[in-house]
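Tertiary structure, described
Single-letter residue listing:
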Amino acid sequence: MNDPHETTETHLERLLGRALNSFDLPDALVERLDSALAHASSLCSAHHSAGLHRETYRHSYLLTDGSTMTLWELVHNTGRGGAQLHELYADEDEAQLAASRLCRPGSPEAPRLGSPDPLVSAGPLPLDDFDLALLDRLLATPPTPAPRMYVPDNSPDHARRVLRRAENADRPGEETARLLRTAFAHHITQVFGRQCQVEGKDAGFMLYEHAFLLVDGSEMSLWEVEHTATPDGRHMCEVYGAERTARDVMEARARVR
């Protein structure tokens, strides 16, 4: 991971350039990294199975003011045709969450955040079996979740990044963004996860609730749908202001013929 002939500037350009989600990093963080004097990289974890190869790397940087910064890189072979993909995170917990999403439902490492739908533990089903019974489960009201444990952790920036990565035209607008700028804590829960076949191709569906606690004591949630039911199998994020809408979208994506 450490090339003695590679400058820190070149290393950062390469790291940011290959990451699918580099735009998701806080602008202030990227600006601070411009002053990096030295760097060191190390492998933190690895998972290799018949279908999934995944590694997490830690990249540490020494800045001109004497402080240090760390980026967490997730590398996995979930691209089209097994192509290697790279993701970058400023927070170790976010990197671990992203890594857990790569595990196929039912595997020992499948994510167990919050109160995931019981279907997360089932094996893949062909589209013909992804029928009304399953859709009824998908659309059903989820069980009462465990009490939220809100964490104060730059919540307005987290909300901004969730909205920025949404690709759907009907994502929550400026009024929602304005209210979320007053958030001072947030909590993330996975409420649904499923692997299935859509038009003969493997597709994954995940639903996350990003709950925010606002300064006036009220709560607001963004519902993020992550799926690979796209023509080229690429990963796509959609964000909605209501859980019902998000689940309707998953139903529509799963019904594509």
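Note that the coordinates shown come from a computational prediction; the quantities given were computed from them, not determined experimentally.

This part covers the overall build of the chain. Of regular secondary structure, the chain possesses seven helices and eight strands. Per-residue burial over the chain gives 45% buried out of 257 residues. Only carbon and sulfur atoms are counted for the fraction: they give 54% of the accessible area of the chain, which is about 13200 Å².

Next up on the list: the pattern of salt bridges. Under the defined criterion, the tally for this structure stands at 13 salt bridges. Its salt-bridge partner being Arg32, residue Asp65 comes within 3.7 Å of it at the nearest N-O pair. Of this pair, Asp65 sits in the loop between β2 (53-63) and β3 (68-76) while Arg32 sits in helix α2 (residues 27-33), and the two are 33 residues apart along the sequence. With relative accessibility at 38%, the residue Arg32 sits in the partly exposed group.

Another aspect to go through is the side chain of His11. With respect to the helices and strands, His11 occurs in helix α1 (residues 8-18). Residue His11 is classed as buried on the basis of its relative accessible area of 1%. Only 3.0 Å separates the side chain of His11 from the side chain of Tyr61, close enough to count as a polar contact.

So, about the layout of surface pockets. Rolling a probe over the atoms, with the probe sized like a water molecule, indicates the empty space that remains. Its boundaries defined by the atoms lining it, the second largest pocket holds a volume of some 170 Å³. Forming the walls of the second largest pocket are Pro156, Ala159, Arg160, Leu163, Arg171, Pro172, Gly173, Glu174, Ala177, Leu180 and Arg181. Listing elements by their share of the lining of the second largest pocket, those giving two or more residues are α5 (155-164) and α6 (174-180). Its residues assigned to classes, the lining of the second largest pocket comprises six nonpolar, one polar and four charged.

What follows deals with the pairing of β2. Bridging between strand β1 (residues 36-48) and β2 involves eleven bridges; their strand directions are antiparallel. Bridge pairing links Ser45 to Thr56 in β2. Turn length for the β1-β2 hairpin, with the two strands adjacent in sequence and antiparallel, is four residues. Pairing between β2 and β3: nine bridges, direction antiparallel. Each residue of the ladder has a partner; that of Arg54, found in β3, is His76. Taking the residues between adjacent antiparallel strands as the criterion, β2 and β3 are bridged by four residues, where Gly66 takes a positive phi near 90°.

So, how was this worked out
- Residues numbered from 1 in each chain as written.
- Predicted model: local features only at pLDDT ≥ 70, side-chain atom pairs only at ≥ 80, totals over all residues.
- Heavy atoms only, no water.
- Helix = DSSP H or I, 4+ residues; strand = E, 2+ residues; numbered from the N terminus.
- Buried < 20%, exposed > 50% of the residue type's maximum accessible area, 1.4 Å probe, protein only.
- Areas by Shrake-Rupley, 256 points an atom, 1.4 Å probe, with all protein chains shown as cover.
- Salt bridge = Lys/Arg side-chain N within 4 Å of Asp/Glu carboxyl O.
- Polar contact = N/O pair within 3.5 Å; in protein donor to acceptor, adjacent residues only side chain to side chain.
- 1 Å grid on protein atoms, 1.4 Å probe; cavity = no way out; pocket = protein on both sides within 12 Å on 5 of 7 lines; lining within 4 Å.
- Points joined across faces, edges and corners; volume = space filled by probe spheres on them.
- Nonpolar A, V, L, I, M, F, W, Y, C, P; charged D, E, K, R; others polar.
- Pairing = 2+ DSSP bridges.

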